[in-house]
Amino acid sequence: QVQLVESGGGLVQSGDSLRLSCASSRGDLNWYAVAWFRRAPGKERTFVGSINYSGTSTYYADSAEGRFTVSRDNAKKTVYLQIHSLKPEDTAVYFCAAKDNYGGKEERLFTFWGQGTQVTVSP
């Protein structure tokens, strides 16, 4: 089992870049595929992108292609979400989630979830 903790959120300006981190305060994250989701104000949580346990394969939502990059550093046991050219519509709580195998983007497939980190993008 893993206990996930997100960090790196905050208040940024439109056009800025931001890197969010997902680490495990308990358990070894290296054994898990990890995905990022986000929940914008008043909306449901949606899939952003995911990465397999070795970092050799990634998958993104269509809306995330080009500005979002998921990566991982297994030496640091951390998964990242890099966001470029932030827009006000990127304002959301960003969550990382983990599961044993890679593939699929439905929330129900993910066993472990973090509490989320708030990203607010000002115009």
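Just above, that's the structure.
A quick note: this is a predicted structure, and the numbers were derived from the prediction, not measured.

Caption draft 1: Here's a closer look at the environment of Arg67. Turning to its location among the elements, Arg67 is positioned in the loop between β6 (58-60) and β7 (68-73). Placed 59 residues apart in sequence, Arg67 and Gly8 show a C-alpha to C-alpha distance of 17 Å. When sequence neighbours within four positions are dropped, the list of residues in contact with Arg67 reads Gln82, Ile83, His84, Ser85, Leu86, Lys87 and Asp90. At a separation of 2.8 Å, a polar atom in the side chain of Arg67 contacts the side chain of Asp90.

Caption draft 2: Looking closely at the state of the cysteines. Here the structure, examined in full by the defined rule, presents 1 disulfide. Residue Cys22 pairs covalently with Cys96 via a disulfide, S to S 2.1 Å. As the torsion about the S-S bond is roughly 70°, the Cys22-Cys96 disulfide counts as right-handed. Of this pair, Cys22 sits in strand β3 (residues 18-26) while Cys96 sits in strand β9 (residues 92-99), and the two are 74 residues apart along the sequence. On the accessibility criterion, Cys22 (0% relative accessible area) is buried. In this structure Cys96 comes out as buried when scored by relative accessible area, which is 0%.

Caption draft 3: Quick peek at the side chain of Thr78. Mapping Thr78 onto the fold places it in strand β8 (residues 78-83). Thr78 gets classed as buried once you look at its relative accessible area, which sits at 10%. Engagement of the side chain of Thr78 in a polar contact is seen with the backbone oxygen of Lys76, the distance being 2.9 Å. In this structure, Thr78 is in contact with Ser21, Cys22, Ala23, Ser71, Arg72 and Asp73, ignoring residues within four places of it in sequence.

Caption draft 4: How the structure looks around unusual backbone geometry. In the Ramachandran plot, Lys77 falls in the positive-phi region, its phi being about 55° despite a non-glycine side chain. When you line up the elements, Lys77 lands in the loop between β7 and β8. In this structure, Ser85 is a non-glycine residue whose phi angle is positive, near 50°. Residue Ser85 is classed as partly exposed on the basis of its relative accessible area, which comes to 40%.

Caption draft 5: The arrangement of the sheet that holds strand β1 (residues 3-7) in detail. Here we have 4 strands laid out as an open sheet, ordered β1-β3-β8-β7, and antiparallel in their pairing. The sheet is open, and its two edges are formed by β1 and β7, each paired on a single side. With strand direction ignored, the average angle separating the axes of adjacent strands in the sheet is 20°.

About the criteria used
- Residue positions are given per chain, counted from 1 along the sequence in the order it is written.
- In keeping with the model being predicted, local features are shown solely for residues with a pLDDT of at least 70 and side-chain atom pairs are shown and tallied solely at 80 or more, while totals for entire chains, interfaces and linings include all residues.
- Side-chain numbers come from the whole structure's heavy atoms, not from hydrogens or water.
- Helical segments are the DSSP runs of H or I of at least four residues, strand segments are the runs of E of at least two, and each set is numbered from the N terminus.
- Residue contacts are defined here by distance: any two heavy atoms, one from each residue, within 4.5 Å place the two residues in contact.
- The definition of a polar contact used here is a pair of N or O atoms within 3.5 Å, where within protein one atom must be able to donate a hydrogen and the other to accept one, and adjacent residues in sequence count solely through side-chain atom pairs.
- Cysteine sulfur pairs qualify as disulfides if the two atoms are within 2.5 Å.
- Three exposure classes are used, based on accessible area relative to the maximum for each residue type with a 1.4 Å probe and protein chains only: buried under 20%, partly exposed in between, and exposed over 50%.
- When DSSP locates at least two bridges between a pair of strands, those strands are taken to pair.
- For helices, the fitted line uses only the C-alpha atoms of the stretch in contact; every axis is such a line through C-alpha atoms, and the angle between N-to-C directions lies from 0 to 180 degrees.

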